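An overview of the molecular structure
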Number of protein chains: 2
Amino acid sequence: MSEGNYHHGDLKNALIQVGVEILAEEGLGRLSLRKVAKQAGVSHAAPYSHFKDKQALIAAISTESFKELHIQIETVFLDYKENPKDLLVETSWAYLQFALTKPDQFKLMFSSVLEKEKKYPDFVEISHLNFQQLLIVVEICQDAKILKSGQASLTAVSLWSAVHGLAMLVLEGQISSVVLEEHGLKEIFLHSLNQIALVELK
Amino acid sequence: MSEGNYHHGDLKNALIQVGVEILAEEGLGRLSLRKVAKQAGVSHAAPYSHFKDKQALIAAISTESFKELHIQIETVFLDYKENPKDLLVETSWAYLQFALTKPDQFKLMFSSVLEKEKKYPDFVEISHLNFQQLLIVVEICQDAKILKSGQASLTAVSLWSAVHGLAMLVLEGQISSVVLEEHGLKEIFLHSLNQIALVELK
DNA sequence: GCTCTTATCTTGACACTGTCAAGATAGCCT
DNA sequence: AGGCTATCTTGACAGTGTCAAGATAAGAGC
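Residues numbered from 1 in each chain as written. Chains lettered and ligands numbered in written order. Predicted model: local features only at pLDDT ≥ 70, side-chain atom pairs only at ≥ 80, totals over all residues. Heavy atoms only, no water.

Topic: the interface of chain A and chain B
For the record, the criterion: When checking whether two residues touch, look at their non-hydrogen atoms; a contact exists if any pair is within 4.5 Å. The term buried area refers to how much accessible surface (probe radius 1.4 Å) is lost by two components on association, counted for both of them together. Counted as salt bridges are all cases of a side-chain nitrogen of Lys or Arg within 4 Å of a carboxyl oxygen of Asp or Glu. Any N or O atom pair separated by 3.5 Å or less is treated as a polar contact, with the protein-specific requirement of one donor-capable and one acceptor-capable atom, and with residues adjacent in sequence counted only for side-chain atom pairs. Only DSSP runs of H or I covering at least 4 residues are called helices, and only runs of E covering at least 2 are called strands; the numbering of each starts at the N terminus.
Chain A puts 38 residues into the contact, and the matching count from chain B is 38 residues. When the two sides are added together, the surface that chain A and chain B hide from each other amounts to roughly 3400 Å², 61% of it contributed by carbon and sulfur. Of all residues in chain A, L154, Q174 and Q195 of chain A give up the largest surface area on contact with chain B, accounting jointly for 19% of the area buried on that side. Joining chain A to chain B, the criterion identifies zero salt bridges. Along the contact surface separating chain A from chain B lie four residue pairs in polar contact (both at pLDDT 80 or more). Those elements giving two or more residues to the side of chain A that touches chain B turn out to be α5 (103-109), α6 (121-143), α7 (152-171), α8 (177-183) and α9 (185-196) of chain A. If you tally residues by element for the side of chain A that touches chain B, the top one is α7 of chain A, at 13 residues.

In structure tokens:
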């Protein structure tokens, strides 16, 4: 368990953790297996005892990031549970904030570096969990007449698309700086949500 | 100009073209400078006469792809110019279709492999052009009471986010296959657009 | 206690990558 | 014709993902 040992003790999780750190400090483009290994204090091929290949490590980092996102949104969910209008705004805002504060983790999660063919069950599971969370928010808002009634799954996808798309475009610098600076992100965000909501939000 | 010559004649555009082909046939992960060079029939370092580094080539491929997208949407625009309702649906649908039929080009365009915004003026220019195109569509729809009046740029960003987000989530396989197969992409797409539009579309 | 098994980690190698420096080539201008 | 210069080649380097072979140590059974 201590450092310097031949057997690390918990190398698998250590590698995931180091991966997250590298993403935060150096970005997606500079995330290499060998660097992760070196930074974890093991030799360059050690990760292969725990991950089939680089894809598998990325899948694990991705899964870990989805868990972080889920926890973050769950916290907000509990805070605003009884107020559907705020619930919709704040959970969506939390999603956006996650994307902006941990851009490279967020990009990795949706970066198609993962050619998913059902090969990573943990990843699929946490993805499902996140969508279920979203569904609950939508259903609460539908009950409160904040969102149009009807197929909750359809509205959930629409809502997700709107927020996710905004996050992506902002991260890629595609939102014209003129528009961004004139209105500010929060106003743009609220404008998007207000398109979907039945009532004026905030 | 012919092949086999020491001087290629139009290597720069040839490299871009080969890059697009590799994206279509092998995907983003297998796009390397050396492979592009080999496939263009030149030595591995030849691209450096035309591009500062790999980023620059990617920027050029990206720019080229944005031009393709622009032309494709422009065609649809001209077809439905006089019918605002169809205009909104069909131009947005064209965007989605581009993403689905040329997934790796589309991913590359928004893949954050491009880090510098100001360094590639051609890229910035075509991006602006695309947003201007979108703005026109929004304004036409606002005039026709298809979209809420107000800041066109805000609504444009919302619309773009919604369609772009849906495209991304579909490409990444994040839309639950249950939802996708039950409703179909077109219905999901229309549901998203109907959230934003003032009238029922299609 | 001891051995044996096995997961874990190291070492070394390979092909491939992006990049740069040096040199070869040939189109073009005078 | 000769030379300039953009273009292309060759060769090298460090870094990459991956695999095979071997080293190590933790734990199980005796």
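Here's the deal with the domain arrangement of chain A
Size of an interface: often given as the accessible area lost when the parts come together. Residue and element names in this part refer to chain A. The test is simple: The domain boundaries here were taken from an automatic or database domain assignment.
Domain boundaries in chain A define domain 1 (1-51) and domain 2 (55-196). Facing the eleven residues of domain 1 at the interface are eleven residues of domain 2. Viewed at the interface, domain 2 and domain 1 are joined by zero salt bridges. Inspection of the region where domain 1 meets domain 2 yields one residue pair in polar contact (both at pLDDT 80 or more).

A few points about the packing of helix α3 (residues 54-80) of chain A against α6 of chain A
All names here are of chain A. Cut-off, in case you're wondering: Note on geometry: axes are C-alpha line fits, over the in-contact stretch for helices, and angles between N-to-C directions span 0 to 180 degrees. These descriptions rest on fixed angle ranges, namely under 35 degrees for roughly parallel, over 145 for roughly antiparallel, 65 to 115 for roughly perpendicular, and the rest for oblique. Note on convention: the crossing is left-handed when the near helix lies turned anticlockwise from the far helix by less than a right angle, right-handed when the turn is clockwise. Residue type decides the class: Asp, Glu, Lys and Arg count as charged, Ala, Val, Leu, Ile, Met, Phe, Trp, Tyr, Cys and Pro as nonpolar, and the leftover types, Gly among them, as polar.
Remark: α3 packs on α6, axes separated minimally by 9 Å, with the N-to-C direction vectors making an angle of 20 degrees. Relative to α6, the element α3 is oriented roughly parallel. Once α3 is placed against α6, the crossing between them reads as left-handed. Only D122, F123, I126, S127, L129, N130, Q133, I136, V137 and I140 of α6 make contact with α3, whose side of the interface consists of A59, S62, T63, F66, K67, L69, H70, I73, E74 and F77. Grouping the amino acids of the contact of α3 with α6 by side-chain chemistry returns eleven nonpolar, six polar and three charged.

A word on the side chain of Q142 of chain A
Relative to the helices and strands, Q142 of chain A resides in helix α6. Other than its neighbours up to four places away in sequence, Q142 of chain A contacts L147, K148, S149, G150, Q151, A152 and T155 of chain A.

With respect to the packing of helix α1 (residues 11-25) of chain B against helix α3 (residues 54-80) of chain B
Residues and elements named next belong to chain B. Direction vectors running N to C along α1 and α3 enclose 75 degrees, while the axes themselves pass 9 Å from each other. Our classification of the angle between α1 and α3 gives roughly perpendicular. Contacts from L15, I16, G19, V20 and L23 in α1 reach L57, A60, I61, E64 and E68 in α3. Of the residues contributing to the contact of α1 with α3, the split by class is seven nonpolar, one polar and two charged.

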